[in-house]
Structures are given as structure tokens and as C-alpha cells.
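If you want the building blocks of each chain, they are given just below.
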Amino acid sequence: MSYDAIILGAGAAGMMCAMTAGAQGRRVLLVDHADAPGKKILISGGGRCNFTNIHTTADRYLSANPHFAKSALGRYTPADFLALVERHGIAWHEKTLGQLFCDGSARQIVDMLVEECAAAGVTMLLAQAVSDIAHRDGRFHVMIGGKEHSAPALVLATGGPSIPKMGATGYAYDVARRFGLSVVQPRPALVPFTLSDEDALFRDLSGVSAPVEVRWNKARFREAALFTHRGLSGPAMLQISSYWQHRTAICVNFLPDTERDWLLAEKRKRPQAAVHKAISTLLPERLTEALLARIDLRGDLGNLRDDALRGVQSKLADWPFMPSGTEGFAKAEVTAGGISTDELSSRTMEAKRMPGLYAIGEAVDVTGWLGGYNFQWAWASGWAAGTSLPGN
Ligand SMILES: Cc1cc2nc3c(=O)[nH]c(=O)nc-3n(C[C@H](O)[C@H](O)[C@H](O)COP(=O)(O)OP(=O)(O)OC[C@H]3O[C@@H](n4cnc5c(N)ncnc54)[C@H](O)[C@@H]3O)c2cc1C
């Protein structure tokens, strides 16, 4: 049971790493405790897998070292993955903001990766728990389902703990720590916010969505926000959640497309119109009602003073929400933080202090925006390690 590399985790990054290394003649063992590979790929992108983003650049990733991802992302690009998708005859489309999806099903991406692994001679062991890992004589000895397997290289590709009910674990962190690598505190990212009782009014808007600009510190996103029975979700909120820190406010611009003094211009044009009617030409009626109830402003535009209207508009353009928290790892699309990039070579993903140990994908402290960026990191980091794994 001797291999050139043992890869733990048959998800996006693990399969990319395995097929790349296998294609270069490496003898690879790919192991997963789940009974099927790529389960997160199957549920991704609403079942259609947003497999990459053509606007991928390192500044669309969060990491303690913002430069770390550049090398891998620059060497395995969205065009490279797209070429693979096209070679397999998978139809795709660009949805919005550079996000590429399958026309059919995410299953096609999993099947493609499994086929590539098989063609590259990768041995896949599924539904097998790893019970022990030891390192001696320059080799990793891994106990899997009661049998020992060994290789000079071990790749950690078990992802992060988001969505534990799908089998996600923090196992990569445990192994990394055991070999002396540091881990940046993992936290849920791309996750809905919960609202406190103070903002309970907004929970009644469950199902209402609006195009907004949301800001936290220097991060800002122009996308849809969705009110839920627990708080705030939708792409804009998921994006900003990755940056947000507890006990701070996020600011929402509910009127991102209006000119300054838009309400005054409306007053001149339609003085008899009620203020809430004017605003609900841009925002859903129920949301307008909830916001104006908070401001406590009623009446026709013509009867309201200019400074009151300016005040309303600036309030709607800079609305603070103080989330009580997030829905946590149970609902987080990804985990931010993870194995510290200080520990790894950005070119090969190999641990500097523990030669032969590699970490790729979500297990590493590199977290993408919503929109195909996380898979692109999984492919790029998997490829970087896969092309670097040494042979005999
Ligand atoms: C609902 C949802 C939708 C998403 N949609 C998108 C999208 O459309 N586009 C996008 O870019 N990203 C999306 N993501 C994020 C994306 O799925 C992840 O970033 C990506 O899967 C990470 O790849 P990975 O290989 O590092 O980890 P994973 O794909 O999570 O793979 C890790 C593998 O390791 C296995 N494993 C875990 N612990 C152990 C253990 N102890 N022993 C053995 N095996 C283990 C798991 O079973 C799993 O197969 C989505 C995530 C979720 C939850």
C-alpha cells in the first residue's frame, strides 16, 4: 500500500490535485470519509455549480496574506478550467458578474473530475475513516479502514467545517496543528446575518428582496439583499458577512442608483404624491413601509420641508444594521481562516516546516467572494500541489 501521495478529501481541490498528479505519472491514493466524492459540488450554485468566475483576481479573496493566492491563481486560470469543461462537452453559460454555471447539472462537474481521476490511474477510497497519521522515515503512514497506507507526500484537502451535516469537518486543522502548523481562527463566511429584537420589524419582511449597496469598513458590494424570518441574506449580505466583525454595524444604501437630492426633484415634479409612494417606485412597498415607520415620516412631498426630505434620503442611503450574529457554520457557504498561508509555499502549497505535507482548497486561509471564486481557488491550489508532488 505504497503511493507517491495520499490525498485526504475527495472534494473539489482533492480531485483536481489527484487528477493532475496522476496525469504526471504519480501513484495517488484519494481518500474520503463520505460515500461519494464531491458532495458540496453537487449542491453548489443551486445544483448548477458556479464553477468559476472569469473576473478572478487575488483581491477577490480574503486572507491574512492578500498576496498568497496570486501565484496559484495566475498559473491555473478560469480559462484553464473552462477548457477542461469544454473538453468534456459540458454546456455552460455566464449568469451575471462573470459567474459561469453549467446549463445542466453540477453532477456533470463531479462526473468530469471522477473520469479524469480514473483516466489518471488515481485509486479512490470512499466511506473510509482515517484513524491515524504518523510520520517516520520521511513517509506519512496513514491508517485507513484498519489498513496502513504510506507515501512521502500527504495532501490535506478536507475543506472547512461549513455545513457539518454534509460531512464537513475541521480535520485538516487538527492534522496541520499536529505537525506544528498554525491555523488562523476559522469563522463562518458567506453566511446570513441574524437580527436582534430591536430590528424585529424587519423580520416581518421575510421574502422581500431589494438591490442595495452594502458597506462594512472598506468593503462594499452592489447586489440584492433578502430579508428572512431570521435576519438578512441574499448575495449582498453573504458577501459582506465574510468581512464583518461581531458587534459592529453594516451600512445599507437602499437607494444606490439615485442622484443626490432625488427626493427634492420628486417634490418639484409631483408635490401631491405621498412620500412613501415616491420611495416605493424604487423599493418594494413592504420594505418602504417598514423603513418609513422607523423614520416616522408621513405626508405628501409638497407638505414636507426640503431638509426633512434630504434627511430621509440620506438615512435611506446609509441605513445601519447591527446584526446580532450570523447563522454560523450550519449555514455558511464557506469557512474563512484556516491553515495559515505563512506556513505554505504559495507556488506548491507545501508546508515550509514539514516537507511532504501540503494543504489546498478551503482548508487554507484563502476565502473567495461569492460567485465561483471559491471553486477557482480549489482548482488552482489543487493544480499547484498536483503539479509539484514529487515522484519516485
Ligand atoms: C451550499 C453551498 C453552495 C456552494 N456553491 C458554490 C458555488 O456555486 N461556487 C463556488 O465557487 N463555491 C461554492 N461553494 C463553496 C465550495 O463548495 C467550496 O469552497 C469548495 O467545495 C471547497 O473545496 P474543497 O475541496 O477545499 O473542500 P470540499 O469540497 O468541502 O471537500 C472536502 C472533502 O473532504 C471530505 N472530508 C472532510 N473531513 C474528512 C475527514 N475527516 N476524513 C476524510 N474526508 C473528509 C469531505 O467529505 C469532502 O468530500 C458552495 C458551498 C456550499 C456549502
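The following paragraphs examine the structure supplied in this document. (Residues numbered from 1 in each chain as written. Predicted model: local features only at pLDDT ≥ 70, side-chain atom pairs only at ≥ 80, totals over all residues. Heavy atoms only, no water.)

## Side note on the overall build of the protein chain
Here's step 1: A tally of regular secondary structure across the protein chain gives 13 helices and 22 strands.
Here's step 2: The dimensions of the protein chain, computed from C-alpha atoms along their principal axes, are 85 × 40 × 35 Å.
Here's step 3: Going through the 392 residues of the protein chain one by one, you find that 53% of them count as buried.
Here's step 4: Relative to all contacts within the protein chain whose residues are 6 or more apart in sequence, the contacts with residues 24 or more apart total 72%.
Here's step 5: When the accessible surface of the protein chain is summed, it comes to about 16600 Å², and 51% of that surface belongs to carbon and sulfur atoms.
Here's step 6: Looking at the protein chain, you have 41 positive and 39 negative side-chain charges, and the mean spots of the two groups are 2 Å apart. (Helix = DSSP H or I, 4+ residues; strand = E, 2+ residues; numbered from the N terminus. Buried < 20%, exposed > 50% of the residue type's maximum accessible area, 1.4 Å probe, protein only. Contact = heavy atoms within 4.5 Å. Areas by Shrake-Rupley, 256 points an atom, 1.4 Å probe, with all protein chains shown as cover. Lys, Arg positive; Asp, Glu negative; His and termini not counted. Charge placed at Lys NZ, Arg CZ, Asp CG, Glu CD.)

## Here we look at the site of the ligand
Here's step 1: The environment of the ligand is formed by 29 residues, the closest being Ala-13, Asp-32, Thr-169, Glu-362 and Phe-375.
Here's step 2: Ala-13 is positioned with one of its backbone polar atoms (N or O) 2.8 Å from an oxygen atom of the ligand.
Here's step 3: Interatomic distance of 3.4 Å between a backbone N/O atom of Asn-374 and an oxygen atom of the ligand.
Here's step 4: Out of a free accessible area of 1000 Å², the ligand has 91% covered by protein chains.
Here's step 5: Of all the secondary-structure elements, those providing two or more residues to the shell around the ligand are α1 (12-23), α2 (39-43) and α13 (373-386).
Here's step 6: If you tally residues by element for the shell around the ligand, the top one is α13, at four residues. (Near = heavy atom within 4 Å. Polar contact = N/O pair within 3.5 Å; in protein donor to acceptor, adjacent residues only side chain to side chain.)

## Points about the side chain of Ser-381
Here's step 1: Relative to the helices and strands, Ser-381 resides in helix α13.
Here's step 2: A relative accessible area of 0% means that Ser-381 is categorised as buried.
Here's step 3: Among the polar contacts made by the side chain of Ser-381, one reaches the main-chain amide nitrogen of Gly-361 at a distance of 3.0 Å.
Here's step 4: Discounting residues that sit within four places of it in the chain, Ser-381 has contacts with Ala-72, Met-349, Ile-360 and Gly-361.

## Focus: the side chain of Ser-242
Here's step 1: If you trace the backbone, Ser-242 turns up in the loop between α8 (234-241) and β17 (250-253).
Here's step 2: A polar atom in the side chain of Ser-242 sits 3.2 Å from the backbone nitrogen of Leu-190.
Here's step 3: When neighbours within four sequence positions are excluded, Ser-242 is seen to be in contact with Leu-62, Arg-187, Ala-189 and Leu-190.

## Notes on the pattern of salt bridges
Here's step 1: A full pass over the atoms with the stated rule returns 20 salt bridges.
Here's step 2: With a shortest N-O distance of 3.6 Å, Arg-230 and Glu-327 are connected by a salt bridge. In this pair, Arg-230 sits in the loop between β15 (219-227) and β16 (231-233) while Glu-327 sits in the loop between β19 (323-326) and β20 (334-339), placing the two residues 97 residues apart along the sequence.
Here's step 3: Put simply, Arg-310 and Asp-261 hold a salt bridge, and the shortest N to O gap is 3.1 Å. (Salt bridge = Lys/Arg side-chain N within 4 Å of Asp/Glu carboxyl O.)

## Thoughts on the packing of α1 against helix α5 (residues 107-119)
Here's step 1: Between α1 and α5, whose axes approach to 8 Å, the crossing angle comes to 30°. Put simply, α1 runs roughly parallel to α5. Considering how the two elements wind past one another, α1 and α5 form a crossing that is left-handed. For the pair α1 and α5, the contacting residues are Met-15, Ala-18 and Met-19 in the first and Leu-113, Val-114, Glu-116 and Cys-117 in the second.
Here's step 2: Grouping the constituent residues of the contact of α1 with α5 by class yields six nonpolar, no polar and one charged. (Axes fitted to C-alpha atoms, helices over the stretch in contact; angles between N-to-C directions. Parallel < 35°, antiparallel > 145°, perpendicular 65-115°, else oblique. Left-handed = near helix turned anticlockwise from the far one by under 90°. Nonpolar A, V, L, I, M, F, W, Y, C, P; charged D, E, K, R; others polar.)

## Side note on the sheet that holds strand β11 (residues 153-156)
Here's step 1: Strands sit in the order β7-β2-β1-β11-β21 across an open sheet of five strands; the sheet is parallel. The sheet terminates laterally at β7 (123-125) and β21 (357-359), the two strands that pair on one side only. Taking each pair of neighbouring strands and ignoring which way they run, the sheet shows an average axis angle of 20°.
Here's step 2: In this sheet, β21 lies alongside β11 in parallel orientation, the contact comprising three bridges. If you follow Val-155 over to β21, its bridge partner there is Tyr-358.
Here's step 3: Relative to the sheet, α1 contacts β1 (5-8), β2 (28-31), β7 and β11, its axis offset from that of β2 by approximately 165°. (Pairing = 2+ DSSP bridges.)

## Remarks on the pairing of strand β10 (residues 147-151)
Here's step 1: As paired strands, strand β9 (residues 139-144) and β10 are joined by five bridges and run antiparallel to one another. Residue Val-142 lies in a different strand from β10, and its bridge partner there is His-149.
Here's step 2: Hairpin connection between β9 and β10: a loop of two residues separates the two successive antiparallel strands, and Gly-145 in this loop has a positive phi of roughly 50°.

## Focus on the packing of helix α4 (residues 78-87) against α5
Here's step 1: Contact geometry of α4 with α5 gives a least axis separation of 10 Å together with a crossing angle of 90°. When the axis of α4 is compared with that of α5, the two are roughly perpendicular. Seen from α4, the contacting residues are Phe-81, Leu-84 and Val-85; seen from α5, they are Ile-109, Met-112 and Glu-116.
Here's step 2: Counted by class, the contact of α4 with α5 contains five nonpolar, no polar and one charged residues.

## Here we look at unusual backbone geometry
With the exception of glycine, the majority of residues adopt a negative phi angle, and the majority of peptide bonds are in the trans configuration.
Here's step 1: We note that Asn-217 has phi near 55°; this positive angle belongs to a residue other than glycine.
Here's step 2: Despite not being glycine, Asp-261 shows a phi value in the positive range, around 65°.
Here's step 3: Mapping Asp-261 onto the fold places it in the loop between β17 and α9 (262-269).

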